Amino acid sequence: MTTAALVLAAGRGERLGRKEPKAFVGLCGRSLLARSVSALCAVPEIDWVQPVLPPDAGQLPADETAWIHPKLLDPVPGGDERQDSVRLGLSGLPESVEFVAVHDAARCLVTPESVSAVVRAAWTGRAALLASPVSDTIKRVQGRQVIETPPRSECWAAQTPQVFAVDLLRDALELAWNDVFLGTDDAELVERMGVPVEVVLGESDNFKITHPEDLARAERVLADRGEA
Ligand code: C5P
């Protein structure tokens, strides 16, 4: 099954408070983007890896190793919204691609083993994502008022990669475009078409680097892995 990965790196990441785009920020000497690309290139089920860069970035951040790999495609520019970046990333893929794994470059500690598991689930059921059960009780809130407490046993935190049959994701993006609907992840676009999406247990280290303290947490994970 020909499978590609989109590595989304087109966001500014303003909450990190750095002048360069978030995915270009260094972590123990390598950018978040380079780390994500290397993890995805190491997955046997993935044939192609497509970076999606900020429209004004020009070129990939300096890295001596990550950009020399036979699976790596030329980067394409992303868009204003994450959903636009997915759409633009899809348009750069070879026609032979049947499945696509959409991954946030900012989740740069993902392991090839987790990626393999979610890709294989999607090969069977057409749509799957990595996620982890939440330990806190989740509240739906409007203003400052709680409007719902969904059963905690049914609440999972979505991660990436999220993997789909390419045709299914294209249809979901087109429907969202027509409905002027902006989702907060890709699976949501597929769910609203009534298509089942399977959850595959992800690792707690696959968190999204968002705030400055997340970089320190990521450094500790890399030190534990002996990679710092
Ligand atoms: O902003 P947030 O951290 O939720 O973004 C998740 C991922 O999506 C990041 O890796 C970011 O670079 C990417 N993104 C993108 N295009 C955008 C916005 C976000 O590729 N317009």
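Before reading on, note that the structure itself is shown above.
So, here is what we can say about the structure in this document. As a convention, each chain's residues are numbered from 1 in the sequence order in which they are written. Local features in a predicted model are, by the rule used here, given only for residues with pLDDT of at least 70; side-chain atom pairs are given and counted only at 80 or more, and totals for whole chains, interfaces and linings are based on all residues. With hydrogens and water set aside, each side-chain value is computed from the structure's full complement of heavy atoms.

**Some words on the nonpolar core**
Then step 1. For this analysis, a nonpolar core means a set of buried residues of the types Ala, Val, Leu, Ile, Met, Phe, Trp, Tyr and Cys, connected via side-chain atoms within 4.5 Å. Exposed residues in this analysis have more than 50% of their type's maximum accessible area, buried residues have under 20%, and partly exposed residues fall in between, with area computed by a 1.4 Å probe over protein chains only. Counting 59 residues, the largest nonpolar core has Leu33, Val37, Ile46, Val49, Leu93 and Leu169 as the members making the most contacts within it.
Then step 2. Val25, Leu109, Phe207 and Val221 belong to the second largest nonpolar core, which has 12 residues in total.

**Describing the packing of aromatic side chains**
Then step 1. Under the pairing criterion, centres of Phe, Tyr and Trp rings, with the six-membered ring standing for Trp, must be within 6.5 Å; the plane angle then separates stacked pairs below 30 degrees from edge-to-face pairs above 60, leaving the rest tilted. As enumerated under the stated definition, the model contains zero aromatic pairs in all.
Then step 2. The ring of Phe181 carries the charged tip of Arg192 above its face, separated from the ring centre by 4.2 Å.
Then step 3. Remark: a charge is flagged as sitting over a ring if the NZ atom of Lys or the CZ atom of Arg is within 6 Å of the ring centre and within 35 degrees of the ring normal. A cation over a ring is seen here: Arg217 above Phe207, with NZ or CZ 3.8 Å from the ring centre.

**Remarks on the layout of surface pockets**
Then step 1. Put simply, the largest pocket is a space of about 890 Å³.
Then step 2. Buriedness for pockets is judged along seven lines, at least five of which must meet protein on both sides within 12 Å for an open set on the 1 Å grid over protein atoms alone, while cavities are sets there where a 1.4 Å probe fits but cannot get out, and lining residues have an atom within 4 Å of a point. Every residue lining the largest pocket is counted, 37 residues in all, and those nearest its centre are Arg15, Lys22, Arg82, Asp104 and Lys208.
Then step 3. Sorting elements by how many residues they give to the lining of the largest pocket places strand S10 (residues 156-165) first, with five residues.
Then step 4. Three classes are used, and their members are as follows: Ala, Val, Leu, Ile, Met, Phe, Trp, Tyr, Cys and Pro are nonpolar, Asp, Glu, Lys and Arg are charged, and the others, Gly among them, are polar. Taken together, the residues of the lining of the largest pocket break down into 10 nonpolar, 14 polar and 13 charged.
Then step 5. Grid points are joined across faces, edges and corners, and a volume is the space filled by probe spheres set on the points. Estimates place the volume of the second largest pocket at around 190 Å³.
Then step 6. Around the second largest pocket sit Leu129, Ala131, Trp156, Ala157, Ala158, Asp185, Ala187, Glu188, Glu191 and Val199, which together line it.
Then step 7. Of all the secondary structure elements, the ones that give two or more residues to the lining of the second largest pocket are strand S7 (127-133), S10 and helix H5 (186-191).
Then step 8. A class-by-class count of the residues in the lining of the second largest pocket yields seven nonpolar, no polar and three charged. Helix and strand assignments come from DSSP, with helices taken as H or I runs of at least 4 residues and strands as E runs of at least 2, each series counted from the N terminus.

**A few points about a nonpolar patch on the surface**
Then step 1. A patch consists of residues exposed above 30% relative accessible area that lack any salt bridge, with like charges linked at up to 9 Å and nonpolar side chains (Val, Leu, Ile, Met, Phe, Trp, Tyr) linked at up to 5 Å. For every accessible area listed, the method is Shrake-Rupley and the probe measures 1.4 Å; residues are considered covered only by the protein chains on display. A pairing counts as a salt bridge when a side-chain nitrogen of Lys or Arg comes within 4 Å of a carboxyl oxygen of Asp or Glu. Taken together, Trp156, Val199 and Leu201 make up a surface patch of nonpolar side chains, about 290 Å² in accessible area.
Then step 2. Mapped onto the elements, Trp156 comes out in strand S10.
Then step 3. Note on Trp156: relative accessible area 40%, which makes it partly exposed.

**Here we look at the site of the ligand**
Then step 1. Around the ligand there are 15 residues in total, and Leu8, Lys22, Gly79, Ser85 and Lys208 lie nearest to it.
Then step 2. By the criterion applied in these results, polar contacts are pairs of N or O atoms within 3.5 Å in which, for protein atoms, one can donate a hydrogen and the other can accept it, and in which residues neighboring in sequence qualify only through two side-chain atoms. For the ligand, an oxygen atom lies 3.2 Å from a polar atom in the backbone of Ala105.
Then step 3. Here the ligand has 460 Å² of accessible area as a free molecule, and 86% of this is covered by the chains.
Then step 4. Put plainly, a molecule is in a cavity or pocket when over half of its atoms are within 2 Å of the grid points there. Cavity membership is defined here by more than half of the atoms lying within 2 Å of grid points; on that basis the ligand lies in the largest pocket.
Then step 5. Its residues assigned to classes, the shell around the ligand comprises five nonpolar, three polar and seven charged. Definition of nearness: a residue and a molecule or strand are near each other if at least one heavy atom of the residue lies within 4 Å of the molecule or strand.

**Considering the packing of helix H2 (residues 82-91) against helix H4 (residues 166-178)**
Then step 1. With axes taken as lines fitted to C-alpha atoms, and helix axes fitted only over the stretch in contact, angles between N-to-C directions fall between 0 and 180 degrees. For the pair H2 and H4, interaxial distance at closest approach is 11 Å and the crossing angle is 135°. The orientation of H2 with respect to H4, classified from their angle, is oblique. For the pair H2 and H4, the crossing hand works out as left-handed. Contacts between H2 and H4 involve Gln83, Asp84, Val86, Arg87 and Leu90 on the former and, on the latter, Leu169, Arg170, Leu173, Ala176 and Trp177.
Then step 2. Split by residue class, the contact of H2 with H4 holds six nonpolar, one polar and three charged. We call two directions roughly parallel when the angle between them is under 35 degrees, roughly antiparallel when it is over 145, roughly perpendicular when it lies between 65 and 115, and oblique otherwise. In this scheme the crossing of two helices becomes right-handed for a clockwise turn of the near helix relative to the far one and left-handed for an anticlockwise turn of less than a right angle. The contact definition used throughout considers only heavy atoms, calling two residues in contact when any of these lie within 4.5 Å.

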